[in-house]
Amino acid sequence: MGLDKYQIAQRIAQEVKDGYYVNLGIGIPTLVANFVRQDIDVEFQSENGILGMGPFPFEGDEDADLINAGKQTITALPGAVFFDSAMSFSMIRGRHVDLTILGAMEVAQNGDIANWKIPGKMVKGMGGAMDLVASAERIIVAMTHTNKAGASKLLEACTLPLTGVGCVKKIVTDLAVIEVRNNAFHLVERAPGVSVAEIEAATEGQLIITGPVPEMIL
Amino acid sequence: MGLDKYQIAQRIAQEVKDGYYVNLGIGIPTLVANFVRQDIDVEFQSENGILGMGPFPFEGDEDADLINAGKQTITALPGAVFFDSAMSFSMIRGRHVDLTILGAMEVAQNGDIANWKIPGKMVKGMGGAMDLVASAERIIVAMTHTNKAGASKLLEACTLPLTGVGCVKKIVTDLAVIEVRNNAFHLVERAPGVSVAEIEAATEGQLIITGPVPEMIL
Amino acid sequence: MIQKTVADVHQACHGVEDGMTLLLGGFGLCGIPENAIAELKRLNVRDLTCISNNAGVDDFGLGLLLQSRQISTMIASYVGENAEFERQMLSGELNVSLIPQGTLAQRCQAAQSGIPAFYTPAGYGTEVAQGKEVREFNGKMHVLEHAFDADFSFVKAWKGDTAGNLIFKGTARNFNPNMCGAATITVAEVEELVPAGTLDPNAIHIPGIFIQRIFQGAHYEKRIEQLTTRTKDHGAR
Amino acid sequence: MIQKTVADVHQACHGVEDGMTLLLGGFGLCGIPENAIAELKRLNVRDLTCISNNAGVDDFGLGLLLQSRQISTMIASYVGENAEFERQMLSGELNVSLIPQGTLAQRCQAAQSGIPAFYTPAGYGTEVAQGKEVREFNGKMHVLEHAFDADFSFVKAWKGDTAGNLIFKGTARNFNPNMCGAATITVAEVEELVPAGTLDPNAIHIPGIFIQRIFQGAHYEKRIEQLTTRTKDHGAR
């Protein structure tokens, strides 16, 4: 019942259009690269300084000077380019990156996102997330609909410290595709076999349902 | 009587120390490069994007892609480097350039400088002068002591639109070397054969004379 | 790789309209987008606001658009020797805004970087600061300056690839890299266009993400404004 | 050319004192100034404020200085997996300031460029903006951020020349170029030091004017933090 993380990535990959420069966050977003159609031109940006990021290297080909923002060894595709951190965030802050896909702990119905800090727990830092969410025109959140305790992560208002305000436009969870607008969650698609009632039950914030909700096509 | 422009440049060249990065303005300042001691290491920056600027090219060696800020064809010395305009002004604004030498129409006893605009006349623009004077720690002005009409260019207050405020520390004219501090001109050296009285007569602003004033050694 | 190649200068300039604001690279006549300027003249788009360090000479560079009175406002740091420019400025036909060269570069850079405004010491206490917010930082006064907001940016590079990656040459680099991505659409013209994957990824000055259209210029005159040479026996440093 | 070469890492670190603020290049363990960090450990300078994107791992990178409790304040965007860091942070021994990565980069860039402050949208509406001036530009809220003010900057490049000109390699470039000239003294360590005039003047990432001291590191471990590979038959894009 509901999508696994690969299926979430697979559904998000449908949002990646020809000609997009895309920044992928750590976790499920990283998996999206595997599912993007091969017949369109897309370039992946990693904020530590590469555009045209390729797959992981074959064993023995790894290069300590070639990593992604998750510190994993990667490869560079033909036509790739390296640059410094200030230029990297010029791409992000200057809205040259077309699509940002990242994980979240909570999203609010006004588009607020919290994904970096849980009070009382060890904080790792926001990395580039605050720059990404404050700047990107298209932000897709990839996450499970509820947390491990079963509580909704789609809230009327975030309870955790914010990463950005009013910035999330679309959410893809294990249960549904949701658009965020007019201070409400709008149910666009449901995962195969998941009922609208289940999604309603798992959504704490205001959920708008208009007409029949189609199943995702994966 | 008084120095010619080559001698002004020759005297200023004595202010250029080993290890200095130097920006030379158009006119007399450009001549300074010819008189810098050959046994010290100095690099000339031109704000259009070169560090390690060399002399003019030999006839036939000129390159349209290699000019200085005066739009003259130049050469690049071994170890030179090219960069964009933003980085060029990072060097200037960030105080990485050690010495700026430029011309002026007027300097005031508080260090104000006017060198870009005469009301009612065609204005060419300030180019990089405002950035240079607002940022440089060491600024030397190269100019004649009086204008063509015989009026002093060392004033109590500038009458022309300013290029920068309180920034000039030293002036080398055809008549004298002057330091600017404590809201006054301080006479440091006089040109060979020029009397203190002549300098006083040619200086409209407050001129401080302490003890005997040595002649320049050229 | 995402492809940025357009067939020619005509396609590259598609969408430029009367009244638009344009950024144009180059310093003097060095590194100017010659082919785009020629096309803008052919298109006869008018009432342009042109932001460029200089305004060309009478019969080359932006001087060509001044001749045909296509420019209504010029934003530059130094306008040099240009008789037609002077005539239009003094007659009031041409609106001229002169700004410090470093501020010009940084306002481009800010537009590229999504930095709406920054403080610079340049121009404090001068007429350049009139009407602008000033503020003290570290005991020194600064002026608040804003990112440019332009419709098109026209830049010229030495080599470029089909993905829009650019390499500049010598001092023809100047404002060109700073203007990439500083307008809604950036058009790059290059002397040599190569397939993506040909250029060293470590030696690219401007990544293709900042470029919307790239083409190889049909011809480059690369005129020299001030030819200066020395004789063999003159040892100027 | 002005010579920037120093004999070794010992001379390169001369003048680093207790209580100083240091900028250190690198992203994770990629492109970190390994030799300078080792020397700082040997020098046992204490009460340091370190500004770096990350804080190393327990036994490498800045983790080495955390082990010996030489760092009192850490300014970073992401501190990753580092047990000793976590212990010192939770016990209150270590002061930690987490800031957005792009803001970190731009505050370095601003220090290099003599821009005392700038506006960025990053962090608006979050605790990062607390106590800071916020302002609307173009209908969007921004936060005022300031240039860093550091004593030493330690960067690592691939190749450098005796005039201090630097070329970086791959993603080991990261924050290194932005930190050059962003402190009173910038120390560059390189894998290969060549005579001035050897490097292509068109391909230099950072001109020597931003560097005060340069040396060739005696040894580079270049440890990989997350070794990830694929098998021949797995076609991950």
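These numbers come from a predicted model, not from an experiment.

Student: Explain empty space enclosed by the protein to me, using residue names and the numbers behind them.
Tutor: Over the atoms rolls a probe the size of a water molecule, and in doing so it shows where empty space is left. Going through the model one piece at a time under the given rule, you end up with 11 cavities of 30 Å³ or more. Estimated volume of the largest cavity: approximately 660 Å³. What lines the largest cavity is a set of 41 residues, among which Asp84 and Met87 of chain A, Asp84 and Met87 of chain B together with Gln109 of chain C lie closest to the centre. Those elements giving two or more residues to the lining of the largest cavity turn out to be α3 (85-93) of chain A, β4 (76-82) and α3 (85-93) of chain B, α5 (101-113) and α6 (176-179) of chain C together with α5 (101-113) and α6 (176-179) of chain D. A total of 5 residues in the lining of the largest cavity trace back to one element, the largest contributor, which is α5 of chain C. Looking at the lining of the largest cavity residue by residue, the classes come out as 21 nonpolar, 16 polar and 4 charged.

Student: Please set out the packing of aromatic side chains residue by residue, giving values where relevant.
Tutor: One pass over the structure, following the stated rule, counts 5 aromatic pairs over all chains. Their ring planes at 45° and their centres at 6.2 Å tell us that tyrosine 119 of chain C and tyrosine 119 of chain D sit as a pair that is tilted. Within this pair, whereas tyrosine 119 of chain C is found in strand β5 (residues 117-120), its partner tyrosine 119 of chain D is found in strand β5 (residues 117-120), the two belonging to separate chains. Like tyrosine 119 of chain C, the residue tyrosine 119 of chain D is buried in the burial classification. Note on phenylalanine 152 of chain C and phenylalanine 154 of chain C: the rings are 5.7 Å apart at their centroids and 5° apart in plane angle, and the pair reads as stacked. Members of the aromatic cluster, joined through ring pairs, are Tyr119 and Phe137 of chain C together with Tyr119 and Phe137 of chain D. Stacked on the ring of tryptophan 158 of chain D, the Lys or Arg lysine 159 of chain D has its end atom at 4.6 Å from the ring centre.

Student: Quick rundown of the sheet that holds strand β4 (residues 76-82) of chain A? Include the residues and the values.
Tutor: The strands making up a sheet associate through hydrogen bonds between their backbones, and the pairing can be parallel or antiparallel. All names here are of chain A. One open sheet accounts for 10 strands, arranged β4-β3-β2-β1-β5-β8-β10-β11-β12-β13; its pairing is mixed. Every other strand in the sheet has two partners, leaving β4 and β13 (207-208) as the edge strands with one partner each. Bridge count for strand β1 (residues 21-24) against strand β2 (residues 43-46) is 3 bridges, and the pairing is parallel. Counterpart to valine 22 in the pairing with β2 is phenylalanine 44.

Student: Quick rundown of the relation of the copies chain C and chain D? Include the residues and the values.
Tutor: Structural alignment of chain C on chain D gives an RMSD of 0.0 Å, achieved by rotating through 180° and translating 0.0 Å along the axis. The superposition operator between the copies reduces to a two-fold rotation axis. Of the C-alpha atoms belonging to chain C, the one lying closest to the rotation axis is found on phenylalanine 118 of chain C, 2.1 Å away. The overlap is high: 96% of the interface residues of chain C also sit at the interface in chain D, so the same surface is used on both sides.

Conventions used here
- Residues numbered from 1 in each chain as written.
- Chains lettered and ligands numbered in written order.
- Predicted model: local features only at pLDDT ≥ 70, side-chain atom pairs only at ≥ 80, totals over all residues.
- Heavy atoms only, no water.
- 1 Å grid on protein atoms, 1.4 Å probe; cavity = no way out; pocket = protein on both sides within 12 Å on 5 of 7 lines; lining within 4 Å.
- Points joined across faces, edges and corners; volume = space filled by probe spheres on them.
- Helix = DSSP H or I, 4+ residues; strand = E, 2+ residues; numbered from the N terminus.
- Nonpolar A, V, L, I, M, F, W, Y, C, P; charged D, E, K, R; others polar.
- Phe/Tyr/Trp six-rings, centres within 6.5 Å; stacked < 30°, edge-to-face > 60°.
- Buried < 20%, exposed > 50% of the residue type's maximum accessible area, 1.4 Å probe, protein only.
- Lys NZ or Arg CZ within 6 Å of the ring centre and 35° of its normal.
- Pairing = 2+ DSSP bridges.
- Least-squares fit on C-alpha atoms with pLDDT ≥ 70 in both.
- Contact = heavy atoms within 4.5 Å.

Just distances and angles here, no functional claims.
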